[in-house]
Amino acid sequence: MLFDSHCHLNHRPLIDNLSQVLLRASDKDIGHFLVPATSSADWLITIELAKNYPQIYAAVGLHPWFINHITDSTLQQLEKILLQHPQIIMGEIGLDFARAHSLEEKNLQIKYFEEQLQLAKIMQRPVIIHHVHATNACLESIKRCHFTNGGIAHAFSGSLEEAQAWVKHGFLIGVGSLLLRSQAKKIHRIAEKLPLQHMVIETDAPYMAPSANQINHPVSLRQIAEIIASLRNCHWQDIATITSNNTFAIIPQ
Ligand SMILES: [Zn+2]
């Protein structure tokens, strides 16, 4: 059974048609979903989904795109939710310097990223990290916070060397929809060479469709697993077993 380690079933249009989406996925042997929230607006709905569907696991956090409206009470609310739900991990959090247009904006992202890493540390939760043009800055924050709970470096697009740097800090590498683009050479190399014990797979649906105005769907996960399997000369079910176990291993029971 495949585990989509990053899928926004909590966002439109997937949430509007959820039973259909889950049925289509289960036809392709996709049976588990880790669903990260992105702002306080979707925390409760994400937790609700996890409550109602045994195949859904929730993560809550503040995505770097949505930190402009954060107040101290937002972080207190996050802490309260985590206390109430010991099985929920944190995500997605991180740094996106493609979206930061000034030093102030970068510093604001770093401030909330590190506050959330500290919270994850206190709550003993792993984190799902969104990182764009910010690998070094993310790793610096992780070191500065002495954060050792690990988690997932989501939507990985870097080199094998960068993947190894994340692995060194206890992170799994999220290999996903970029693989559907044949011109994305670096991720094909990761898919072929990264030891499978460090890999999880994801779609990021409804986002990251291979072409700009398409909607990505969790069924793409099967294709992602098949591409990895063909690069490694094994069966997609082997990829399913290992990456699902890797994802389960970071979810508190
Ligand atoms: Zn996401």
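Residues numbered from 1 in each chain as written. Predicted model: local features only at pLDDT ≥ 70, side-chain atom pairs only at ≥ 80, totals over all residues.

1. Focus on the overall build of the chain
- Counting secondary structure elements, the chain contains nine helices and eight strands.
- Here the C-alpha atoms of the chain give a radius of gyration of 17 Å, agreeing with the 18 Å that 2.2 N^0.38 yields for 253 residues.
- Seen through its principal axes, the chain has C-alpha atoms that stretch 50 × 40 × 35 Å.
- Sorting the 253 residues of the chain into buried and exposed places 43% on the buried side.
- Pairs at least 24 residues apart make up 71% of the contacts formed inside the chain by residues separated by at least 6 positions. (Helix = DSSP H or I, 4+ residues; strand = E, 2+ residues; numbered from the N terminus. Rg over C-alpha atoms; globule rule 2.2 N^0.38 Å. Buried ≥ 20, exposed ≤ 12 C-beta atoms within 10 Å, placed from the backbone. Contact = placed C-beta atoms within 7 Å.)

2. Regarding the packing of helix α4 (residues 103-123) against helix α5 (residues 135-144)
- Two elements in contact, α4 and α5, have axes whose closest approach is 10 Å; the angle formed by their N-to-C orientations is 45°. By the criterion of interaxial angle, the relationship of α4 to α5 is oblique. Crossing of α4 against α5: the hand is right-handed. Between α4 and α5, the residues in contact are I110, F113, E114 and L117 and A137, S141, I142 and R144, respectively.
- Partitioned by chemical class, the residues of the contact of α4 with α5 number five nonpolar, one polar and two charged. (Axes fitted to C-alpha atoms, helices over the stretch in contact; angles between N-to-C directions. Parallel < 35°, antiparallel > 145°, perpendicular 65-115°, else oblique. Left-handed = near helix turned anticlockwise from the far one by under 90°. Nonpolar A, V, L, I, M, F, W, Y, C, P; charged D, E, K, R; others polar.)

3. Quick look at the packing of helix α8 (residues 220-232) against helix α9 (residues 236-250)
- Relative orientation of the contacting elements α8 and α9 amounts to 110°, with a least axis distance of 8 Å. By the angle class used here, α8 and α9 are roughly perpendicular. Residues A225, E226, I228 and A229 of α8 form the contact with α9, whose participating residues are W236, D238, I239 and A240.
- Residue classes in the contact of α8 with α9 are distributed as six nonpolar, no polar and two charged.

4. Notes on α9
- Spanning 15 residues, α9 covers 22 Å between terminal C-alpha atoms, matching the ideal 21 Å at 1.5 Å per step.
- Restricting attention to buried positions, one finds in α9 the residues I239, A240, T243, S244, N246, T247 and I250. Buried residues of α9, seen end-on, are gathered within an arc of 160° and therefore sit on one face of the element. (Expected span 1.5 Å × (residues − 1). Arc of directions from axis to C-beta.)

5. What to know about unusual backbone geometry
- Residue E92 is bonded to the preceding G91 through a cis peptide linkage, with omega at -5°.
- Looking at where E92 falls in the secondary structure, it is placed in strand β4 (residues 89-96).
- In this chain, A205 is followed by P206 through a cis amide linkage whose omega measures 5°.
- Looking at the element boundaries, P206 is found in the loop between β8 (199-201) and α8.
- Located in the positive-phi region is D29, a residue other than glycine, with phi close to 70°.
- Locating D29 in the fold gives a position in the loop between α1 (18-27) and β2 (30-36).
- On the neighbour-count criterion, D29 (14 C-beta atoms within 10 Å) is partly exposed.
- Despite not being glycine, D204 shows a phi value in the positive range, around 60°.

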